[in-house]
Amino acid sequence: MKLNYKKLGIILIILFMVMGSFTSLSAAEWPMFQGNPRHTGYLSQDSSFSTQTWTVNLGSPILTSPVICGDKIYVGTEKGVLYSLDAQDGNQSWTYETKDSIESSPAVSGDVLYFGSNDGYLYSNNVVDGTNNWKFKAGDSIKSSPAIDSTKVYVGSDDGSIYAINRNDGSLAWQFKTNESIRSSPTVSGGVVYVGSDDDKMYALSAEDGSLKWDYTTGDDVRSSVAIAQDKIFFGSNDDEVYALNIENGTEEWSYNAGSPVMSSPSIDERQSTLYVGTEKGKLYALDIRDGLKKWDVKTGSTINGTPSIYGNNIAIGTQSGEMLTFNKFTGNSVWNYNPAYIPNVGASISSSPVTSGGSLYMASLDGNLYSLNTNHQEGPTSIYTYYYIVSIIIIICLGVGVKKYLEHRNNKKQ
């Protein structure tokens, strides 16, 4: 039997191409809030991979940040629907409906996805078809995004509790009660769970049994989530401060006054020793994580509620004015902007955090649209607002022509 070397060569080339595409996709995964267990908002990615630009409307405001795993995007909406979409083109794979709005970003591990809903349930669903494995009932709404380790999933609730749930069956492992709602998303590292509360405190709890290791009191609500680097934890507070605490005992290493509430969670480029965080008054700061000294700041002109995303030499952040802004992470100089409505404060605001995957950036908006941008070419899709403007111009022209004809007709009658 003769081997057809030409056909064999073609088959091998195709196999290498397919394997290469899988490698790019898995290298660019963003499977949970802030991309990784330490919530740094930074992943080393292959920027050669990017999807086409696209936009899809999910029929309801999007309050949560999307996550990416494999070739799928998972995101929830205000109507309480969780979507699985194809990252390449935005086509729908499956949906799962809850009984209330979803403000909790999903977390993916293996073939299981975890997310919370304002109906008070934490859900465990299959990523392939969306079927539910189990759900756990908390005492109130879940706006906190879950964190996971090898055996448990951790999430906060508006009932003031942080829950540790066994991943295999959804049973309660332990519960720790604070004095107010928990909107901050927990971070797990080294067997310790770090989470902020509206009772103005940051807590460090044992991941094993929920016992308190230490707590630290700030001057206001802590809704910012912890990022971890260089044996410190970093977070913001509504008291206008950005804090760096010793990871072992919670003593303050430094704090920086940002001039307005900090609900945005910090992102960290540990190689550059730099922390990036936004404020309610619209300032984006770059701080040195070693001592808290300011490297640069920039005024965006609009409230920043989401968390910055770091990719390559750039940092991206969404604003309440509806713009996705990109800056050079070393200097703070503007790189490029994308505004679906073209004019600030005309379109819907962006309250969720952007996520990056290779050369693609995904942003969600309160207008119910999820957008895929190409960061390599610095371009985004043509939005629905373009068609609104075209229709508006046509209507104005038609009205103008109609008014002109009416006036001409009236003048002719007078003559």
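Our structure is the block above this text.
Residues numbered from 1 in each chain as written. Predicted model: local features only at pLDDT ≥ 70, side-chain atom pairs only at ≥ 80, totals over all residues. Heavy atoms only, no water.

This next bit is on the packing of aromatic side chains. Evaluation of the coordinates by the stated rule reveals 17 aromatic pairs. Taking 5.4 Å as the distance between ring centres and 25 degrees as the angle between the ring planes, the aromatic pair formed by Phe235 and Tyr243 counts as stacked. Taken together, a centroid distance of 5.5 Å and an interplanar angle of 65 degrees make the contact between Tyr256 and Tyr285 edge-to-face. In this pair, Tyr256 sits in strand 21 (residues 252–257) while Tyr285 sits in strand 24 (residues 283–288), placing the two residues 29 residues apart along the sequence. Owing to a relative accessible area of 18%, Tyr256 belongs among the buried residues under this scheme. Residue Tyr285 is classed as buried on the basis of its relative accessible area, which comes to 4%. Members of the aromatic cluster, connected to one another through ring pairs, are Tyr96, Phe115, Tyr121 and Tyr123. If you follow Lys135 out to its NZ or CZ, it ends over the ring of Tyr121, 4.5 Å from the centre. (Phe/Tyr/Trp six-rings, centres within 6.5 Å; stacked < 30°, edge-to-face > 60°. Helix = DSSP H or I, 4+ residues; strand = E, 2+ residues; numbered from the N terminus. Buried < 20%, exposed > 50% of the residue type's maximum accessible area, 1.4 Å probe, protein only. Lys NZ or Arg CZ within 6 Å of the ring centre and 35° of its normal.)

Across the sheet, 4 strands lie side by side as 10-11-12-13; this open sheet has antiparallel pairing. Of all strands in the sheet, those with a lone pairing partner are strand 10 (147–148) and strand 13 (172–177), marking the two edges. Inspection of the sheet shows strand 11 (residues 152–156) paired to strand 12 (residues 161–166) by 5 bridges, in the antiparallel sense. Counterpart to Val155 in the pairing with strand 12 is Tyr163. (Pairing = 2+ DSSP bridges.)

Moving on to the environment of Ser104. Residue position: Ser104 is located in the loop between strand 5 (92–97) and strand 6 (107–109). According to the relative accessible area criterion, Ser104 is buried, its value standing at 0%. A polar side-chain atom of Ser104 sits 3.1 Å from the main-chain amide nitrogen of Gly116. Looking at Ser104, its side chain comes within polar contact range of the main-chain oxygen of Ser144, at 2.9 Å. (Polar contact = N/O pair within 3.5 Å; in protein donor to acceptor, adjacent residues only side chain to side chain.)

Before going further, it helps to spend a moment on the side chain of Thr326. The residue Thr326 is located in strand 28 (residues 324–328) in this model. Judged by relative accessible area, Thr326 falls into the buried class, the value being 1%. Dropping the residues within four chain positions of it, Thr326 is found in contact with Tyr311, Asn314, Ile315, Ala316, Asn333, Ser334, Val335, Trp336 and Asn337. (Contact = heavy atoms within 4.5 Å.)

To continue, consider the sheet that holds strand 26 (residues 309–311). As summarised here, the arrangement of the 4 strands in space is 26-27-28-29, forming an open sheet in which the pairing is antiparallel. In this open sheet, the two edge strands, each paired with only one partner strand, are strand 26 and strand 29 (334–338). Each adjacent strand pair in this sheet contributes to an overall mean axis angle of 20 degrees, direction not counted. Relative to strand 29, strand 28 runs antiparallel, the two being bridged by 4 bridges. The partner of Phe327 across the bridge, within strand 29, is Ser334. (Axes fitted to C-alpha atoms, helices over the stretch in contact; angles between N-to-C directions.)

Before going further, it helps to spend a moment on unusual backbone geometry. With a phi angle near 80 degrees, Asp240 is a residue other than glycine that sits in the positive phi range. Among the structural elements, Asp240 can be located in the loop between strand 19 (232–236) and strand 20 (241–246). For Gln378, which is not a glycine, the phi torsion comes out positive at approximately 55 degrees. Relative to the assigned elements, Gln378 resides in the loop between strand 32 (369–374) and helix 2 (384–414). Under the relative-accessibility criterion, Gln378 is labelled partly exposed at 40%.

What follows deals with the pairing of strand 9 (residues 132–137). Examined bridge by bridge, strand 8 (residues 121–126) and strand 9 share 5 bridges and lie antiparallel to one another. Each bridged residue has a counterpart across the sheet, and for Leu122 the counterpart in strand 9 is Phe136. Where strand 8 folds back onto strand 9 in an antiparallel hairpin, the turn is made up of 5 residues, including Gly130, whose phi is positive at roughly 85 degrees.

A word on the pattern of salt bridges. Applying the stated rule across the entire model yields 9 salt bridges. One salt bridge in this structure joins Asp158 and Arg183, with 2.6 Å as the shortest N-O distance. Of the two residues, Asp158 sits in the loop between strand 11 and strand 12 while Arg183 sits in the loop between strand 13 and strand 14 (187–189), which places them 25 residues apart along the sequence. On the basis of relative accessible area, Asp158 is assigned to the buried category, the value being 13%. Asp297 is the salt-bridge partner of Lys294, the closest N and O atoms lying 3.0 Å from each other. On the accessibility criterion, Asp297 (26% relative accessible area) is partly exposed. (Salt bridge = Lys/Arg side-chain N within 4 Å of Asp/Glu carboxyl O.)

So, on to the layout of surface pockets. Estimates place the volume of the largest pocket at around 570 Å³. Around the largest pocket, the lining comprises 22 residues; the ones closest to its centre are Leu63, Glu103, Arg183, Asn305 and Ser351. Residue composition of the lining of the largest pocket, by class: 3 nonpolar, 15 polar and 4 charged. (1 Å grid on protein atoms, 1.4 Å probe; cavity = no way out; pocket = protein on both sides within 12 Å on 5 of 7 lines; lining within 4 Å. Points joined across faces, edges and corners; volume = space filled by probe spheres on them. Nonpolar A, V, L, I, M, F, W, Y, C, P; charged D, E, K, R; others polar.)

On to the side chain of Asp221. With respect to the element layout, Asp221 can be found in the loop between strand 17 (212–217) and strand 18 (227–229). In this structure, Asp221 is buried with no salt-bridge partner, the nearest side chain bearing the opposite charge being Arg223 at 4.2 Å. Sequence-distant contacts of Asp221, defined by excluding residues within four places in its chain, comprise Ser197, Asp198, Asp200, Ser237 and Asn238. (Lys, Arg positive; Asp, Glu negative; His and termini not counted.)

Once that is clear, we can look at the environment of Asn374. Tracing the backbone shows Asn374 in strand 32. At 2.9 Å, the side chain of Asn374 and the backbone nitrogen of His377 are in polar contact.

Okay, the pairing of strand 16 (residues 201–206) next. Within strand 16, 5 of the 6 residues are buried, which leaves it mostly tucked inside the rest of the structure. Inspection of the sheet shows strand 15 (residues 192–196) paired to strand 16 by 5 bridges, in the antiparallel sense. Bridge pairing in strand 16 links Val193 to Leu205. Linking strand 15 to strand 16, which pair antiparallel, is a turn of 4 residues; within it Asp200 sits at a positive phi near 80 degrees. Bridge count for strand 16 against strand 17 is 5 bridges, and the pairing is antiparallel. Counterpart to Ala204 in the pairing with strand 17 is Trp214. The antiparallel hairpin formed by strand 16 and strand 17 contains 5 residues in its connecting segment, where Gly210 sits at a positive phi of about 80 degrees.

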